Amino acid sequence: MMTALEIIRMLAKEFDSVDDAALKAMLVLTRPLVSKKRFGKLYPQALALLTAHRLKLSGYGESSFGTAGDTLRVASYSEGETSVSFSSGQTGVQADSELTLTSYGLEYLALRRKVIIPIRSGGEY
C-alpha cells in the first residue's frame, strides 16, 4: 500500500520542489481531519488529497498549475457606472466550499462521497 507522501508525489507534480520535511509536516497537521475508520483502505489517498489541497491554499506548488486565486472569476460586468462582481467558485455546503477551490479538494470531496453516506430520513426518495 502506498503512503500518503508517495501519493502526493505521484498525483501532485506541482509540489515536486517542496521537500519531504515540509510535506510530512503538512501531513501531520492534516491527519486529524481525515478519519481512518471512515475511509478505510482509501485513507492514504484521502489524506494525500486533503494535504495537497491545504498545500495549494498555503501557497506551495508551482503557479503554472494555477493558483487558488484562479478560482475567482468575473461573474458579471456593467459598464455604465462601472460594476464588477466576482464568482467565488464556492458552491454547496459552506463547510465544504473551501474544498471546491482546488482540484485536490474536489477529488477529496468525490472520494468522501463514495465512502461516507449522509444520514437520510426513511421518508425521502
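Values in this document were obtained by computation on a predicted structure and should not be read as measured data.

Points about the overall build of the protein
Then comes step 1: On a plain count of helices and strands, the protein comes out with six helices and two strands.
Then comes step 2: Counting from the amino terminus, the protein carries its helices and strands in the arrangement α-α-α-α-β-β-α-α.
Then comes step 3: Taking all 125 residues of the protein together, the buried fraction comes to 30%.
Then comes step 4: Looking at the protein as shown, the accessible area adds up to about 8300 Å², and 54% of this sits on carbon and sulfur atoms.

A closer look at the environment of Thr30
Then comes step 1: On the secondary structure map, Thr30 appears in helix α2 (residues 20-30).
Then comes step 2: Exposure remark for Thr30: the relative accessible area of 0% places this residue in the buried category.
Then comes step 3: Aside from chain neighbours lying at most four places away, what touches Thr30 is Leu47, Leu50, Thr51 and Arg54.
Then comes step 4: A polar side-chain atom of Thr30 sits 3.0 Å from a polar atom in the side chain of Arg54.

Looking at helix α4 (residues 43-57)
Then comes step 1: A rise of 1.5 Å per residue sets the reference length of α4, with its 15 residues, at 21 Å; its end C-alpha atoms lie 21 Å apart and thus fit the reference within 8%.
Then comes step 2: Taken as a whole, α4 has its buried residues at Tyr43, Pro44, Ala46, Leu47, Ala48, Leu49, Leu50, Thr51, Ala52, His53, Leu55 and Lys56.
Then comes step 3: Where the residues of α4 are buried, they touch α1 (4-11), α2, α3 (36-39) and α6 (103-115).
Then comes step 4: Just downstream of α4, Gly59 is the residue with a positive phi angle, here 95°.

As for the packing of α1 against α2
Then comes step 1: Two numbers describe how α1 lies on α2: the axes approach to 10 Å, and their chain directions differ by 120°. The way α1 lies across α2 gives a crossing that is right-handed. For the pair formed by α1 and α2, the contact residues are Ala4, Leu5, Ile8 and Arg9 on the first element and Asp20, Leu23, Lys24 and Leu27 on the second.
Then comes step 2: Here the residues of the contact of α1 with α2 are counted per class, giving five nonpolar, no polar and three charged.

Reading the values: the criteria
- Residues numbered from 1 in each chain as written.
- Predicted model: local features only at pLDDT ≥ 70, side-chain atom pairs only at ≥ 80, totals over all residues.
- Heavy atoms only, no water.
- Helix = DSSP H or I, 4+ residues; strand = E, 2+ residues; numbered from the N terminus.
- Buried < 20%, exposed > 50% of the residue type's maximum accessible area, 1.4 Å probe, protein only.
- Areas by Shrake-Rupley, 256 points an atom, 1.4 Å probe, with all protein chains shown as cover.
- Contact = heavy atoms within 4.5 Å.
- Polar contact = N/O pair within 3.5 Å; in protein donor to acceptor, adjacent residues only side chain to side chain.
- Expected span 1.5 Å × (residues − 1).
- Axes fitted to C-alpha atoms, helices over the stretch in contact; angles between N-to-C directions.
- Left-handed = near helix turned anticlockwise from the far one by under 90°.
- Nonpolar A, V, L, I, M, F, W, Y, C, P; charged D, E, K, R; others polar.

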